[in-house]
Amino acid sequence: MLEALTATSLAPLQRDRTGAAARTVAEPSVATGGTAVSITGLTKRYGDKTVLSGIDLSFRAGEFVAIVGRSGCGKSTLLRLLLGLEKPEGGEIRIGGQPAPRAGGDVARFIFQEPRLLPWQRVLDNVALGASRTVPADRRRPLAQEALKEVGLADRGGEWPSVLSGGQRQRVALARALVSHPKLLALDEPLGALDALTRIEMQGFLERVWKHQGFTAVLVTHDVSEAVALADRIVLIDGGRVALDVAVPLARPRVRGSAEFGAIEGQVLDRLFAGR
Amino acid sequence: MPTRFSQTIIPYLLPVGLIAFWQVAVATGLVARNVLPAPSDVALAFFELAGNGELVHHIWVSLWRALAGFAIGGLIGFGLGLANGLSRTSETYTDTTLQMVRNVPHLALIPLVIVWFGIGEEAKLFLVALGVFFPVYINTLHGIRSVDRQLLEMADVYGFTRAEMFWRVVLPGALPSVLVGVRYSLGIMWLTLIVAETISASSGLGYLAMQAREFMQLQIVVLAILIYALLGKLADSIARFLERATLSWNPAYR
Ligand SMILES: Nc1ncnc2c1ncn2[C@@H]1O[C@H](COP(=O)(O)OP(=O)(O)O)[C@@H](O)[C@H]1O
Ligand SMILES: [Mg+2]
């Protein structure tokens, strides 16, 4: 853990020393944009069970990709590999042209299905722990406050996480992920545990924040209409491979009732059920 | 709707009533004085012993034994609980042994302890420390084991160092369980001390009670019992205060 931390957080420093540009890592409100991701021949096995067998995918910088597929098809595994939380048995992941770093860097962040806030830390401190390790400790809270504002919870920083609603907690988790302005945000069914109304509200939030910050978003969801509403592209995984990869060329914000919306949703659902 | 005032008063009606009944029962001869002294006798004994400084001396001795034994046993239990919760190697080497020793009731060691230490201070400290050790050990170990894995994974994603992982995730996560162990072992602390002091001591509350029994001064025996109860209550209040102070994030403790 320690090695991973120093390796990933020292890298930008060294680059700055050679380059002329001042460090911008610590600056708030800078839309850092996204990063391109390329995945080639990715294979993952648990014991003798092959979960992913030769996945090839590439995401453009700033693209919003939704990943769908039946339960147990390896969606979470793909995200965990992307974040360096697991090691693949074969293949390669490159993020921004570099081999994927081990977990703990600032380039990529993960939003889990559960908010996973530290219950014994105030909301603001929970968000502040997402700040880049290159930011001095006394500057993390102002950055956290900024991020809380972005998710509409500017006045809740002093509360314990336990007093917030489920949707608010997930927004705090979003703020925590965004405070370091990651270039890649992986989301593993982040809205799955929320009620339908809160979910739609949160989808709006997510889209707004993504537009504002410009990170590359990889969203795993079991809700195909959520995928169509948010993503530039929908990737369907089946049998450890990419079974479908469709663009969603609809203008934003998207209207759920429209014919084009329904057509894409139908196409994905058909393929999802054809796999049975 | 009951007011705040009556809510504070009502719980005390029954004990006050019982004491009044007790006083009357002894005064009217319903209960013989050499079976149970009247509350007023106990109060008199209190003033007498408090006045000549004897009571303070015995309380002080008992309190010191309790706290020193608790500190020794608690710290060792906490330390081993941490070590075994955090390191598989440490657990493999020591946990089975500790679990085996746990099955020996520590008070069963009294005859041995008297042979080893006589009636010196070490005997009491040893017994209290031993009694306190296990609840703290078991609950610390359990607390660390049950720290939310999801939070640990989150901390990994956010690049926590090992030290941050311990101070910000593992320790606060284990704390509720550790404090349960502390509270439980405070009870054991008093119980052990009472037994140890009653059997073998030359000072302390238990000794005071045993001395008084020899001279049939039952009012002093009852006084010693009451003071034990008060000290037990005090220890419990301190534990509860600690819980409220450190676990205010937890809705269950607010
Ligand atoms: N740590 C693990 N050990 C063994 N098998 C695992 C592990 N993690 C996931 N799997 C298996 O890999 C498959 C894919 O899991 P996952 O990626 O969580 O699926 P999804 O997120 O698409 O529902 C499942 O069959 C699951 O049982
Ligand atoms: Mg999953």
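Residues numbered from 1 in each chain as written. Chains lettered and ligands numbered in written order. Predicted model: local features only at pLDDT ≥ 70, side-chain atom pairs only at ≥ 80, totals over all residues. Heavy atoms only, no water.

A. Fine view of the overall build of chain B. Looking only at helices and strands, chain B has 10 helices and zero strands in total. The C-alpha atoms of chain B give 23 Å as radius of gyration, which overshoots the globular expectation for 254 residues (18 Å, by more than 25%). Dimensions of chain B along its principal axes, counting C-alpha atoms only, are 75 × 60 × 30 Å. Within chain B, the fraction of its 254 residues that count as buried is 43%. Taking the intrachain contacts of chain B between residues at least 6 apart in sequence as the baseline, contacts between residues at least 24 apart amount to 72%. On chain B, roughly 14000 Å² of surface is accessible, and the fraction owed to carbon and sulfur atoms is 71%. Distance from the positive charge centre (16 side chains) to the negative charge centre (15 side chains) of chain B: 7 Å. (Helix = DSSP H or I, 4+ residues; strand = E, 2+ residues; numbered from the N terminus. Rg over C-alpha atoms; globule rule 2.2 N^0.38 Å. Buried < 20%, exposed > 50% of the residue type's maximum accessible area, 1.4 Å probe, protein only. Contact = heavy atoms within 4.5 Å. Areas by Shrake-Rupley, 256 points an atom, 1.4 Å probe, with all protein chains shown as cover. Lys, Arg positive; Asp, Glu negative; His and termini not counted. Charge placed at Lys NZ, Arg CZ, Asp CG, Glu CD.)

B. Focus on the site of ligand 1. Residue and element names in this part refer to chain A. Lining the immediate surroundings of ligand 1 are Tyr46, Lys49, Val51, Ser71, Gly72, Cys73, Gly74, Lys75, Ser76 and Thr77. Contacts to ligand 1 include Tyr46, whose side-chain N or O atom sits 3.5 Å from a nitrogen atom. Between ligand 1 and the protein, one listed contact pairs an oxygen atom with a backbone N or O atom of Gly72 at 2.7 Å. About the coverage of ligand 1: the protein hides 59% of its 560 Å² of free accessible area. Of all elements in the fold, only β2 (49-59) and α2 (75-82) reach the threshold of two or more residues within the shell around ligand 1. Per-element tally for the shell around ligand 1: the top contributor is α2, with three residues. (Near = heavy atom within 4 Å. Polar contact = N/O pair within 3.5 Å; in protein donor to acceptor, adjacent residues only side chain to side chain.)

C. Local environment of the confidence of the model for chain B. This prediction gives chain B a mean pLDDT of 91; 99% of its residues lie at or above 70. Both scores are available for the predicted complex, with the pTM at 0.81 and the ipTM at 0.80. (pLDDT = per-residue confidence, 0-100.)

D. The arrangement of the domain arrangement of chain A in detail. Residue and element names in this part refer to chain A. Here the domain parsing of chain A yields domain 1 (2-107 + 182-272) and domain 2 (117-180). Tallying the contact residues gives 21 residues for domain 1 and 18 residues for domain 2. At the boundary of domain 1 with domain 2, total buried surface from both sides reaches about 1800 Å², with 63% on carbon and sulfur atoms. Between domain 1 and domain 2 we count zero salt bridges in total. For the pair domain 1 and domain 2, the interface holds four residue pairs in polar contact (both at pLDDT 80 or more). (Domains from an automatic or database assignment. Buried area = accessible area lost by both parts, 1.4 Å probe. Salt bridge = Lys/Arg side-chain N within 4 Å of Asp/Glu carboxyl O.)

E. Spotlight on the nonpolar core. Membership of the largest hydrophobic core comes to 128 residues, with the highest contact counts inside it found for Ile39(A), Leu82(A), Ile234(A) and Val169(B). No other element matches helix α8 (residues 162-199) of chain B, which puts 13 residues into this core. Built from parts of two domains, this core gets at least three residues from each of domain 1 (2-107 + 182-272) and domain 2 (117-180) of chain A. (Core = buried A, V, L, I, M, F, W, Y, C linked by side-chain atoms within 4.5 Å.)

F. Spotlight on the pairing of strand β9 (residues 233-238) of chain A. All names here are of chain A. Most of β9 sits inside the fold, with five of its six residues counted as buried. Here strand β3 (residues 64-68) runs beside β9; their pairing, made up of four bridges, is parallel. Of the residues in β9, the one forming a bridge with Ile67 is Val235. Both β9 and strand β10 (residues 241-247) contribute to a ladder of six bridges, which runs antiparallel. Residue pairing across strands places Leu236 opposite Leu244, the latter belonging to β10. (Pairing = 2+ DSSP bridges.)

G. Here's a closer look at the sheet that holds strand β1 (residues 37-46) of chain A. All names here are of chain A. Read from one edge to the other, the open sheet built from four strands follows the order β2-β1-β4-β5, with strand pairing classed as antiparallel. Bordering the open sheet on either side are β2 and β5 (98-99), each of which pairs with just one other strand. Relative to strand β4 (residues 90-95), β1 runs antiparallel, the two being bridged by five bridges. When the bridges of β4 are listed, Val37 appears paired with Ile95. Across the sheet, α2 lies against β1, β2 and β4, angled at about 120 degrees from β1, the strand it touches most. (Axes fitted to C-alpha atoms, helices over the stretch in contact; angles between N-to-C directions.)

H. Just the interface of chain B and chain A, in detail. In this assembly, 21 residues from chain B lie in contact with 30 residues from chain A. Carbon and sulfur atoms make up 61% of the area that chain B and chain A hide from each other, which totals about 2400 Å². Between chain B and chain A we count three salt bridges in total. In this structure, Arg116(A) and Glu153(B) form a salt bridge, with 2.6 Å as the shortest nitrogen-oxygen distance. Where chain B touches chain A, the interface holds nine residue pairs in polar contact (both at pLDDT 80 or more). Only α7 (149-157) and α8 of chain B provide two or more residues apiece to the side of chain B that touches chain A. The greatest single-element share of the side of chain B that touches chain A, amounting to seven residues, is contributed by α8(B). Each residue belonging to the side of chain B that touches chain A can be placed in one class, and the counts come to 10 nonpolar, five polar and six charged. (Nonpolar A, V, L, I, M, F, W, Y, C, P; charged D, E, K, R; others polar.)

I. Geometry of the sheet that holds β3(A). Residues and elements named next belong to chain A. Reading across from one edge, β6-β7-β8-β3-β9-β10 is the order of the six strands in this open sheet, with mixed pairing throughout. The outermost strands of the open sheet, each flanked by one partner alone, are β6 (108-111) and β10. Taken pair by pair, the neighbouring strands of this sheet meet at an average axis angle of 20 degrees, ignoring direction. Pairing of β6 with strand β7 (residues 184-188), which is carried by four bridges, proceeds in the parallel orientation.

J. Spotlight on the packing of aromatic side chains. A full pass over the atoms with the stated rule returns 11 aromatic pairs over all chains. Both rings, one in Phe46(B) and one in Phe47(B), keep their centres 5.3 Å apart while their planes meet at 70 degrees; by these two values the pair is edge-to-face. Pairing Trp116(B) with Phe126(B) gives two aromatic rings, centres 6.1 Å apart and planes at 85 degrees, and the pair type is edge-to-face. You can see Trp116(B) sitting in helix α5 (residues 110-117) and its partner Phe126(B) sitting in helix α6 (residues 121-145), a full 10 residues away along the chain. Here the aromatic residues Trp116(B), Phe117(B) and Phe126(B) are joined through ring pairs into a cluster of three or more. Geometry around Phe112(A) places Arg116(A) over its ring, the cationic atom sitting 3.7 Å from the centre. Above the face of the Trp160(A) ring, Arg122(A) is positioned so that its terminal group lies 3.7 Å from the ring centre. (Phe/Tyr/Trp six-rings, centres within 6.5 Å; stacked < 30°, edge-to-face > 60°. Lys NZ or Arg CZ within 6 Å of the ring centre and 35° of its normal.)

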